[in-house]
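Chains, contacts and geometry: an overview
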Amino acid sequence: MGDNQRAYFLRKLKDWKESIVEESRATMAQLQVDSLREPDIADRASSETDWSIELRTRDRQRKLIAKIDAAVRRLYEGDYGYCEVTGDPISLARLEARPIATMTLEAQEKHERIERVSRDD
């Protein structure tokens, strides 16, 4: 992977993280502004359900930020774009679609098949 490609993916990862952090800030600000004291019990239940879903989404995004940070670290260390299982290069198309990918498509598919079999046992 050339310098231009590394710079491209570094910018892509940092922009993605920044976007997630900004969404989280907006959610927290909205939580502080909104009152969950609706007079109607059905409205209150609906609001609480909506916020529960929103908070679960934010938790998933928090985990995603850790993966983005790990990808940035791999970029700086020179390991970015190589499969952690086989050591083969990960295709640029795969990295474009999923910049935090740590495995080639083939290795990922094999991993998922094994995971599915283990889950069925």
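Structural notes, computed from the coordinates. Just so we're clear, the structure is a prediction, and the values are computed from it rather than from any experiment.

A look at the layout of surface pockets
Left-over empty space is what a probe sized like a water molecule reveals as it rolls over the atoms. One number sums up the size of the largest pocket: a volume of about 170 Å³. Counting residues per element, the lining of the largest pocket draws most heavily on helix 2 (residues 41-77), which supplies three residues. Split by residue class, the lining of the largest pocket holds four nonpolar, two polar and four charged.

Regarding the packing of aromatic side chains
Evaluation of the coordinates by the stated rule reveals two aromatic pairs. The interplanar angle of 75 degrees and the centroid separation of 5.1 Å between the aromatic rings of Tyr8 and Phe9 together place this pair among those described as edge-to-face. Judged by its relative accessible area of 41%, Tyr8 is partly exposed. For Phe9, a relative accessible area of 3% gives the class buried. With 5.7 Å between their ring centres and 50 degrees between their planes, Phe9 and Tyr80 make a pair best called tilted. Separated by 71 residues along the polypeptide, Phe9 in helix 1 (residues 3-33) and Tyr80 in the loop between helix 2 and helix 3 (92-97) bring together distant segments of the chain. Both residues of the pair, Phe9 and Tyr80, count as buried. Taken together, the ring pairs connect Tyr8, Phe9 and Tyr80 into an aromatic cluster.

Examining the environment of Thr86
Among the structural elements, Thr86 can be located in the loop between helix 2 and helix 3. Accessibility expressed as a relative area gives 43% for Thr86, which makes it partly exposed. On a C-alpha basis, the gap between Thr86 and Glu106 in space is 9.9 Å, while along the polypeptide they are 20 residues apart. Here Asp88 takes part through its backbone nitrogen, which lies 3.1 Å from a polar atom of the side chain of Thr86.

Thresholds, definitions, all that
Residues numbered from 1 in each chain as written. Predicted model: local features only at pLDDT ≥ 70, side-chain atom pairs only at ≥ 80, totals over all residues. Heavy atoms only, no water. 1 Å grid on protein atoms, 1.4 Å probe; cavity = no way out; pocket = protein on both sides within 12 Å on 5 of 7 lines; lining within 4 Å. Points joined across faces, edges and corners; volume = space filled by probe spheres on them. Helix = DSSP H or I, 4+ residues; strand = E, 2+ residues; numbered from the N terminus. Nonpolar A, V, L, I, M, F, W, Y, C, P; charged D, E, K, R; others polar. Phe/Tyr/Trp six-rings, centres within 6.5 Å; stacked < 30°, edge-to-face > 60°. Buried < 20%, exposed > 50% of the residue type's maximum accessible area, 1.4 Å probe, protein only. Polar contact = N/O pair within 3.5 Å; in protein donor to acceptor, adjacent residues only side chain to side chain.

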